[in-house]
Amino acid sequence: LVVNWLIKPFTMAALGILFFEHIFAGLVDPQTAREYIAGMILLGVAPCTAMVFVWSQLVRGDANYTLVQVSINDIIMVFAFAPIAALLLGVTDIVVPWETLLLSVVLYVVVPLIVGYFTRASLLKAGEGRIETFTAASKPFSVLGLLATVVLLFGFQAQTILSDPFVIALIAVPLLIQGYGIFAIAFLWAYLWRVPFATAAPAALIGTSNFFELAVAAAISLFGFSSGAALATVVGVLVEVPVMLSVVKIVNATRGWYEQKAKRT
């Protein structure tokens, strides 16, 4: 929770400002740079809530811990996403309407939580095993929905991605540093606290990954489809998959070392 909410959003904002107001200042006009920073901030304030289950399975993480972790993050996001995003956007001189941030949280966090709760309650009343049957039946549609979302996101930004790949590379630099940096902080912190590997792995992965659907939706709502903020969140999706796969590989490769060191101490 400390990494996800007290470190990650602020390091993302700091990296965005460092690169686009200083290091890359001469390569991007100031207005566009601010939009890129805004998109990165929206990514940083939204820790992963769905794909982390996939990453956790790939590292054989504790499924119960992962579920609790995601649930707590969802609840915190309901109350923390809009205030932290507004604070960090305000620090970077980007004024945004509070009602748009709140509407994004309601549509993409609160409504799914409520629908999920009542769906589960009705399935439990219908008898044992109905949840598993429903999950198995709906899983293909959820995968198709995720793929359709990603395709549409890249479709809206296809012209920019193809015509100016240099900008994509500029945005990717701070996002890559953020992803690997947050993973290192969380994973090493878990090691120093002697957290069991099956818990440490998903604990490190949830902060590394992002709730990109919420970030993209908020960016589009605040700045528009063709904005630099929307582009930055889409680049976040582009960067996230290879970063997460490489991080999963690192976690699996260090499992023996981690567990051996933990036993010795």
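Residues numbered from 1 in each chain as written. Predicted model: local features only at pLDDT ≥ 70, side-chain atom pairs only at ≥ 80, totals over all residues. Heavy atoms only, no water.

Engineer: Would you explain the overall build of the chain in this entry?
Structural biologist: Each helix and strand counted, the chain has 12 helices and zero strands in total. Against the globule reference of 18 Å for 265 residues, the chain gives a C-alpha radius of gyration of 19 Å, in line with a compact fold. If you line up the chain on its principal axes, its C-alpha atoms span 55 × 50 × 35 Å. Buried positions account for 44% of the 265 residues belonging to the chain. Long-range contacts, defined here as pairs at least 24 residues apart, represent 83% of the contacts in the chain between residues at least 6 apart. Carbon together with sulfur atoms contributes 70% to the accessible area of the chain, which is approximately 13,300 Å² in total. When the 13 basic and 13 acidic side-chain charges of the chain are each reduced to a single mean position, those positions are 17 Å apart. (Helix = DSSP H or I, 4+ residues; strand = E, 2+ residues; numbered from the N terminus. Rg over C-alpha atoms; globule rule 2.2 N^0.38 Å. Buried < 20%, exposed > 50% of the residue type's maximum accessible area, 1.4 Å probe, protein only. Contact = heavy atoms within 4.5 Å. Areas by Shrake-Rupley, 256 points an atom, 1.4 Å probe, with all protein chains shown as cover. Lys, Arg positive; Asp, Glu negative; His and termini not counted. Charge placed at Lys NZ, Arg CZ, Asp CG, Glu CD.)

Engineer: Honestly, the side chain of Q178 in this entry has me stumped. Any pointers?
Structural biologist: Mapped onto the elements, Q178 comes out in helix α8 (residues 165–192). Within polar-contact distance, the side chain of Q178 engages the backbone oxygen of K8 at 3.1 Å. Sequence-distant contacts of Q178, defined by excluding residues within four places in its chain, comprise K8, T11, M12 and L15. (Polar contact = N/O pair within 3.5 Å; in protein donor to acceptor, adjacent residues only side chain to side chain.)

Engineer: Sorry, what's going on with the side chain of E240 here?
Structural biologist: Along the polypeptide, E240 turns up in helix α11 (residues 228–253). In contact with E240, other than residues within four places in its own chain, are S209, N210 and F212.

Engineer: It is not clear to me how the pattern of salt bridges should be interpreted in this structure. Could you clarify?
Structural biologist: It is possible for side chains of opposite charge to pair when their charged atoms get near one another. Applying the stated criterion to the full structure yields one salt bridge. Between E259 and R255 there is a salt bridge, with its nearest N and O atoms 3.5 Å apart. One end of the pair is E259 and the other is R255, both in helix α12 (residues 255–264) and four residues apart, which spans about a single turn. For R255, a relative accessible area of 14% gives the class buried. (Salt bridge = Lys/Arg side-chain N within 4 Å of Asp/Glu carboxyl O.)

Engineer: Sorry if this is basic, but what is going on with the packing of aromatic side chains here?
Structural biologist: Within a pair of aromatic rings, the relevant descriptors are the distance that separates the centres and the angle that separates the planes. Under the defined criterion, the tally for this structure stands at 11 aromatic pairs. For the ring pair W189 and W193, a centre distance of 5.5 Å and an interplane angle of 75° mean the geometry is edge-to-face. Classification of W193 as exposed rests on a relative accessible area of 63%. Grouping aromatic residues by their ring pairs yields a cluster made of F183, F187, Y191, F197, W257 and Y258. Note that R194 overlies the ring of Y191, its terminal NZ or CZ placed 5.0 Å from the centroid. (Phe/Tyr/Trp six-rings, centres within 6.5 Å; stacked < 30°, edge-to-face > 60°. Lys NZ or Arg CZ within 6 Å of the ring centre and 35° of its normal.)

Engineer: Where do I start with the environment of L103 in this structure?
Structural biologist: As for its position among the elements, L103 is in helix α5 (residues 98–126). Among the residues examined, L103 registers a relative accessible area of 48% and is labelled partly exposed. Expressed as a C-alpha distance, the spacing of L103 and L18, which sit 85 residues apart in the sequence, is 30 Å.

Engineer: Would you mind going over the nonpolar core with me for this structure?
Structural biologist: Most often, soluble globular proteins have nonpolar side chains that are buried together. F20, L42, F81, L101 and I171 are the most contacted members of the largest nonpolar core, which totals 75 residues. The set of elements that each furnish at least two residues to this core consists of α1 (2–23), α2 (30–44), α4 (63–91), α5, α8, α9 (197–208), α10 (212–223) and α11. Ignoring anything within four residues of it in the chain, the contact list for I171 reads F20, Y36, M40, L231, A232 and V235. (Core = buried A, V, L, I, M, F, W, Y, C linked by side-chain atoms within 4.5 Å.)

Engineer: How should I be thinking about the packing of α4 against α5 in this particular structure?
Structural biologist: Remark: α4 packs on α5, axes separated minimally by 10 Å, with the N-to-C direction vectors making an angle of 165°. Between α4 and α5, the angle is such that the two are roughly antiparallel. Relative to α5, α4 is oriented so that their crossing is right-handed. Within the contact between the two elements, α4 uses D74, M77, V78, F81, A82, P83, A85 and A86 and α5 uses W98, L101, L102, V105, V109, V110 and L113. Split into classes, the residues belonging to the contact of α4 with α5 amount to 14 nonpolar, no polar and one charged. (Axes fitted to C-alpha atoms, helices over the stretch in contact; angles between N-to-C directions. Parallel < 35°, antiparallel > 145°, perpendicular 65-115°, else oblique. Left-handed = near helix turned anticlockwise from the far one by under 90°. Nonpolar A, V, L, I, M, F, W, Y, C, P; charged D, E, K, R; others polar.)

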